[in-house]
Each structure stands twice: as C-alpha cells, then as structure tokens.
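# Inside the fold
Each chain, written out:
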Amino acid sequence: MVDKLVNSEANARRIQMVENCFGTSGQPLFLPGRVLVGEGVLTKMCRKRPKARQFFLFNDILVYGNIVIGKKKYNKQHLIPLEEVQLQALEDNGQYRNGWLIRTATKSFAVYAATQTEKQEWMAHINKCIEDLLRKSGKKPVETHAAVWVPDSEATICMHCKKTQFTMINRRHHCRNCGAVVCGPCSSKKFILPGQSNKPLRVCLDCYDNLTSMKRDGNKALAGNNNKPANSTESSGEDDSGDDEETLKDNETHDEPKFYADGKLEK
C-alpha cells in the first residue's frame, strides 16, 4: 500500500500540511519516494514528566514535535531515521500502560499510546517500515543504542553513591552511558561515546571505570557505535527541558491515530 501512495496527490498534500504545521521551526519533509504512513499523539516520557507529543511516521523517518494550542501548529521538530530504530515493548506498570521503547544510537525514550490497540498499530507500522527499509538498503540493524534516561521523579537520591539527596542545590545529572540519575561528584568524569557525540559526555563513575577498562582492553564495541558519524550531542531526555507555556496539557484528550498505508484513509 505504501508504494501506491508514493506519487499520489493525497500523500503530497498530507506532507505539505505537516510542513505547514511546523512552519519555520521545522525543516522541509517532502522528498521523492517519501510517504506519510501515519500520525497521532503519543505520550513521551521526558526527563521531568510524561508529555503529549505529535508523531508523524514516514516510510523512512519518524518525526515528532511539541503540540501548540489548537493542535494545528507544532514546534521543536525532531527527525529520527527509521533504519536506526529498534522497538521494545514495555509491560504495563501502574499508570504507565500501552508503552514501548524507541531506541537509536543517539537517543532512546519511552512512549505510551492511549490504548493497547493503538500501541499494536503503531508498533506494527513502524516495524514494517523498518523491515522494508533494511531489506531495500541491504543494511543490518543498528546493534548499539543510547541508554533510556531514568526520569527525575524516580530518583530522590543519587543512584550511584546512594547518599546524596537531590535538592535545589544538589542537582540531578544523567549518565549518558547508562541513563542513571546521579549527583555531581558521582558524574564528574566524561567519556567519548561515539554513537552520541564526538565530544566527551558526562558519565557516572561506574561507567567511566568500565568504559576506560574496555578501551584499554581494546574492546570498543560496547562503548558506542563507531560506524555512525557522530554529529549530535543530544541524548535521551534532553529535548524537553524548556517547553513553551502554550504546549498541550498532557491530560487533554486526543484523536485516534491515522494510518494511511493500510488503505482505510484514502481521502
């Protein structure tokens, strides 16, 4: 069905609408052969709390952004190449239900759908796009992924020393290698994680010792993905620290996701 939409007017119109909704805060999305497969609202687990985000699934990239009042405009656009993505289903845990992990070499995070059915639809469509991309390109799936950051709310004390209590003065920091919430003294070291950045990033003392040991032993495979150009310093959880006040409230209701490639939405 995706192939039938490639040169359709409906697909071109949908992509143009997405570009218009991001305006100058986004980059052009129309490319020959690109298809908008589906779109909808997912709850993204951010550093401080879960937040509603608008997601757009194309046949080669996953795009998401902040939702502005009226749901007609988005900002803070993020593009993720699908060939780098790996999904991992999450078990329901209290208020966090219908979730899964989106893992890449540079960034990994959890998202949650409104229902189990929506979760299954999202995961099935994303995985199908990934499989088609890898089959056509002949590439192998990325094996090394960035750690998922532990939310700030889940750590009242340092996860490394188990002593330092976080306050306005004793700030929380995240280890870029394991995602743990740690205090300043327990994350005073930095290490180059090739999959995430070409600059040294903050890591906890345990990870620094392990990474240094692996580097000394010549085992660089687990330290990062050396086959990917390092052009980003963004890690899991960092993109949502300064949300605009007009961003959609997280408990606001939203419409069901729309998937165009299944043939049900051809208008």
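Below is a short write-up of the structure. (Residues numbered from 1 in each chain as written. Predicted model: local features only at pLDDT ≥ 70, side-chain atom pairs only at ≥ 80, totals over all residues. Heavy atoms only, no water.)

Among the secondary structure elements, isoleucine 192 is positioned in strand β10 (residues 189–192). Here the alpha-carbon distance between isoleucine 192 and leucine 211, two residues 19 residues apart in the chain, equals 9.4 Å. Leave out the neighbours within four places in its chain, and isoleucine 192 touches Ser197, Asn198, Lys199 and Pro200. (Helix = DSSP H or I, 4+ residues; strand = E, 2+ residues; numbered from the N terminus. Contact = heavy atoms within 4.5 Å.)

The end-to-end C-alpha separation of helix α3 (residues 116–137) is 32 Å, in line with the 32 Å expected for 22 residues at 1.5 Å each. For α3, every residue scored as buried is listed here: Glu118, Lys119, Trp122, Met123, His125, Ile126, Cys129, Ile130, Asp132 and Leu134. Against β1 (36–45), β2 (50–58), β5 (86–89), β6 (99–103) and β12 (258–259) lie the buried residues of α3. (Expected span 1.5 Å × (residues − 1). Buried < 20%, exposed > 50% of the residue type's maximum accessible area, 1.4 Å probe, protein only.)

The final tally for this structure, using the stated rule, is seven salt bridges. Put simply, arginine 97 and aspartate 92 hold a salt bridge, and the shortest N to O gap is 3.4 Å. Of the charged contacts in the structure, one is a salt bridge between lysine 128 and aspartate 132, with a shortest N-O distance of 2.8 Å. Here lysine 128 pairs with aspartate 132, and both are found in helix α3, just four residues apart, close to one helical turn. With a relative accessible area of 44%, lysine 128 lands in the partly exposed category. Judged by relative accessible area, which is 16%, aspartate 132 ranks as buried. Each of Arg47, Lys48 and Asp152 takes part in a single network of salt bridges with overlapping partners. (Salt bridge = Lys/Arg side-chain N within 4 Å of Asp/Glu carboxyl O.)

All right, on to the nonpolar core then. In this structure, Phe55, Trp100 and Ile102 are the most contacted members of the largest nonpolar core, which totals 39 residues. Of all the secondary-structure elements, those providing two or more residues to this core are α2 (9–22), β1, β2, β3 (61–67), β4 (74–81), β6, β7 (108–112) and α3. Per-element tally for this core: the top contributor is α3, with six residues. Each residue touching isoleucine 102, except ones within four places of it in the same chain, is listed here: Phe55, Leu62, Val85, Gln86, Leu87, Lys107, Ser108, Phe109 and Val111. Of all hydrophobic cores here, the second largest spans 18 residues; its members include Cys175, Val182, Cys186 and Leu193. (Core = buried A, V, L, I, M, F, W, Y, C linked by side-chain atoms within 4.5 Å.)

For the rest of this paragraph, the subject is helix α4 (residues 205–217). In a regular helix each residue adds 1.5 Å, so 13 residues correspond to 18 Å; α4 covers 18 Å between its end C-alpha atoms and thus fits that length. Regarding α4, the residues found buried are Cys207, Leu211 and Met214. Seen from one end, α4 has its buried residues packed into an arc of 60°, which puts them on one side. Exposed residues lying more than 90 degrees from the buried face of α4 are Arg216 and Asp217. Lining the buried residues of α4 we find β10 and β11 (200–203). Two residues or fewer after α4 comes glycine 218, characterised by a positive phi angle close to 85°. (Arc of directions from axis to C-beta.)

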